[in-house]
Amino acid sequence: MAEVTLRPPRNLADPRAIAWWTVQSFLLAAPLAAAAVAGYWFFAPHSPALGFAVAALAAACLLPAALAPRACYRVQRWEITDEAVYVRSGWLTHTWRVAPMSRIQTVDTARGPLQRLFGLADVTVTTASSAGAIKIEALDHELAAELAARLTAITQATPGDAT
């Protein structure tokens, strides 16, 4: 039996993913920061100490929203070979997932409203694993369609029952 060497997958997400993830992050973080500032402005006594605390809270919401997408882009990788699908993700805890072609049950693509705005899509590979599906995020929508077709063709030609 040949020895398999685990190496980082070769492909990164589409560069537009940074903008997409940033918009998503700000859609979640901005209302929290705005609520803190509005609460201070309309309901709290205007003390400098409380103002500093509110500004620090707003910065603590917005700064990660601006920086985290760049960090995610640097670590999120994927690759598809004739033998398996490889995905690596996570910047604090690195998660490696490998799905042999013989174990793949379904291949799906998804495009949410923001993804369509940025021309991106996700490919989800469902296997018989109890760990759940493997998701390749933030691909160009045309590349995602090509990958889904390629994976379907490879898995149909691969012997095995995917269980």
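Please read these numbers as outputs of a predicted model, since none were measured by experiment.

A.B. asks: Explanation requested: the nonpolar core in the structure shown.
C.D. replies: Generally speaking, nonpolar side chains in soluble globular proteins are found buried as a group. Residues Ile80, Val85, Ile136 and Leu151 are the most contacted members of the largest nonpolar core, which totals 17 residues. With four residues, the single largest contributor to this core is helix H4 (residues 141-157). When near neighbours in sequence (up to four residues on either side) are disregarded, Ile136 contacts Trp78, Ile80, Val85, Val87, Ala121, Asp122 and Val123.

A.B. asks: Quick question: what am I supposed to make of the environment of Trp20 here?
C.D. replies: Turning to its location among the elements, Trp20 is positioned in helix H1 (residues 16-43). Taking relative accessible area as the criterion, Trp20 reaches 6% and is therefore assigned buried. Residues Trp20 and Gly119, spaced 99 residues apart in sequence, show a C-alpha to C-alpha distance of 9.6 Å. For Trp20, the residues in contact, after removing those within four places along its chain, are Leu114, Gln115, Phe118, Leu120, Asp122 and Ala138.

A.B. asks: How should I be thinking about the pattern of salt bridges in this particular structure?
C.D. replies: For the coordinates displayed, the defined rule picks out five salt bridges. Note that Arg16 is salt-bridged to Asp140, the shortest N-O span being 2.5 Å. Residue Arg16 is found in helix H1, and its partner Asp140 is found in strand E7 (residues 134-140); the two are separated by 124 residues along the sequence. One connected set of salt bridges, linked through shared partners, spans Asp14, Arg16 and Asp140.

A.B. asks: Explanation requested: a nonpolar patch on the surface in the structure shown.
C.D. replies: Together, Leu6, Trp96 and Val98 line one region of the surface with nonpolar side chains, adding up to about 270 Å² of accessible area. One can find Trp96 in strand E4 (residues 95-100).

A.B. asks: I'm lost on the sheet that holds strand E5 (residues 104-110) in this one. Help?
C.D. replies: In a beta sheet, neighbouring strands are held together by backbone hydrogen bonds and run either parallel or antiparallel to one another. The strand order across the open sheet formed by three strands is E5-E6-E7, and the pairing between neighbours is antiparallel. For this open sheet the edge positions go to E5 and E7, each flanked by a neighbour on one side alone. Strand-to-strand twist in this sheet, taken as the mean axis angle between neighbours without regard to direction, amounts to 20°. In this structure, E5 lies alongside strand E6 (residues 120-127), joined through six bridges in antiparallel fashion. By the bridge assignment, Ile104 is partnered in E6 with Thr127. Relative to the sheet, H1 contacts E6 and E7, its axis offset from that of E7 by approximately 110°. Strands E5, E6 and E7 of the sheet are contacted by H4, whose axis makes an angle of about 140° with E7.

A.B. asks: Looking at this structure, how should I read the packing of aromatic side chains?
C.D. replies: How two aromatic rings sit relative to each other is set out by the distance from centre to centre and by the angle between their planes. The final tally for this structure, using the stated rule, is one aromatic pair. For the ring pair Trp20 and Trp21, a centre distance of 6.2 Å and an interplane angle of 35° mean the geometry is tilted. Taken as a pair, Trp20 and Trp21 share a single burial class, namely buried.

A.B. asks: Which parts of the structure should I look at to understand the sheet that holds strand E1 (residues 11-12)?
C.D. replies: The sheet built from four strands is open, its strands ordered E1-E2-E3-E4 with antiparallel pairing. Strands with a single pairing partner mark the edges of an open sheet, and in this sheet they are E1 and E4. Bridge count between E1 and strand E2 (residues 77-80): two bridges; the pairing is antiparallel. Looking at E2, one finds that Leu12 is bridged to Arg77. Along the sheet, helix H2 (residues 48-75) makes contact with E1, E2 and strand E3 (84-89), crossing E3 at roughly 145°. Strands E2 and E3 of the sheet are contacted by H4, whose axis makes an angle of about 40° with E2.

Calculation rules
- Residues numbered from 1 in each chain as written.
- Predicted model: local features only at pLDDT ≥ 70, side-chain atom pairs only at ≥ 80, totals over all residues.
- Heavy atoms only, no water.
- Core = buried A, V, L, I, M, F, W, Y, C linked by side-chain atoms within 4.5 Å.
- Buried < 20%, exposed > 50% of the residue type's maximum accessible area, 1.4 Å probe, protein only.
- Helix = DSSP H or I, 4+ residues; strand = E, 2+ residues; numbered from the N terminus.
- Contact = heavy atoms within 4.5 Å.
- Salt bridge = Lys/Arg side-chain N within 4 Å of Asp/Glu carboxyl O.
- Patch = residues over 30% accessible without salt bridge, like charges linked within 9 Å, V, L, I, M, F, W, Y side chains within 5 Å.
- Areas by Shrake-Rupley, 256 points an atom, 1.4 Å probe, with all protein chains shown as cover.
- Pairing = 2+ DSSP bridges.
- Axes fitted to C-alpha atoms, helices over the stretch in contact; angles between N-to-C directions.
- Phe/Tyr/Trp six-rings, centres within 6.5 Å; stacked < 30°, edge-to-face > 60°.

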